[in-house]
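Summary of the model geometry
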Amino acid sequence: MRITNKIILLISALLAPIAISAQNHYEPNIAIGAKGGYTMSKLAFNPSVPQNMQGGLMIGATFRYAEEKNFGLIAEFNIEQRGWKEKYEGTSFQFNKQLTYIQIPVLTHIYFSSNHFKGFFNAGPEIGYMIATKTNSNFDYNNIANVPDFPTQNRYNDQLTLPIKNKFDYGISAGAGIEWIMNRKHSFNLEGRFYYGLNNVFSSKKTDPFSGSNSMSIMLTLGYYYRIK
């Protein structure tokens, strides 16, 4: 028992300077904030479907924790509009489907800063859940066979009426940006971020028309942080 106690004391003595050094090395930084911005998205269909980027909005709350210089973690709770917009060249037909998600990314935060400005890179996994869908069209997409001059040749149209199979989504996010540090408590940041979903929106069995339908989005956001520690 005495030997065990001595070993514990020895280990504690050896680790104490390291712990003190780590504490003096960097003061923990904890901040909460909010963000909002614009998104551009589409679905990575396989086989491919002609598309333009679908515009949308996003808004969210953020939590940031940094205990080491140049390194931290970010967790967010966001609501984001994604989807896709069909591309009909040389015609007046319009179709887009908006998919609204709750998304929760957990990101590694790597940064390099001066007194007033900071450059950063964020990357990590993200999960999401679809809470709403909305379809906008200027033709009867449920009855395209009877729509005059509708381009049914050499393109897939099953996606216009396919039911959503997977509301749950998961994927990878990565982004970079700059932050303006006004003072110890307040800062603003501008970030561009890319997301790629790893789950298919539509069913992807061998008998289904698409083997892939992954979400892809680009976000440009403006955020605010308030440092609480």
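Throughout what follows, the structure given in this document is the object of discussion.

Definitions and cut-offs
- Along each chain, the written sequence defines residue order, and numbers are assigned to residues from 1.
- Local features in this predicted model are restricted to residues whose pLDDT is 70 or higher, and side-chain atom pairs enter the listing and the counts only when it is 80 or higher, whereas totals over whole chains, interfaces and linings include all residues.
- Calculated side-chain values reflect all of the structure's heavy atoms, with hydrogen atoms and water omitted.
- For this document, the term salt bridge refers to a Lys or Arg side-chain nitrogen within 4 Å of an Asp or Glu carboxyl oxygen.
- Runs of E in the DSSP output that reach at least two residues are strands. Runs of H or I that reach at least four are helices, and both are numbered from the N terminus.
- Each residue is assigned to one of three classes by its accessible area relative to the maximum for its type, calculated with a 1.4 Å probe on protein chains only: buried under 20%, partly exposed between the two thresholds, exposed over 50%.
- Counted as a polar contact is a pair of N or O atoms within 3.5 Å, where, for protein atoms, one must be capable of donating a hydrogen and the other of accepting one, and residues adjacent in sequence contribute only when both atoms are in side chains.

**Notes on the pattern of salt bridges**
Counting across every chain of the model gives eleven salt bridges. Lys118 is paired through a salt bridge with Glu179; the nearest N and O atoms lie 3.4 Å apart. Linking Lys118 in strand E6 (residues 117-137) with Glu179 in strand E7 (residues 168-181), this pair joins segments that are 61 residues apart in sequence. Across this residue pair, the class does not change: Lys118 and Glu179 are buried. Notably, a salt bridge pairs Arg193 with Glu191, separated by 3.0 Å at the nearest N-O pair. You'll find Arg193 and Glu191 in the same group, each marked buried. Several salt bridges converge on common partners, so that one network encompasses Lys35, Glu76, Glu191 and Arg193.

**A few points about the side chain of His109**
Inspection of the secondary structure puts His109 in strand E5 (residues 95-113). At 2.7 Å, the side chain of His109 forms a polar contact with the side chain of Asn122.

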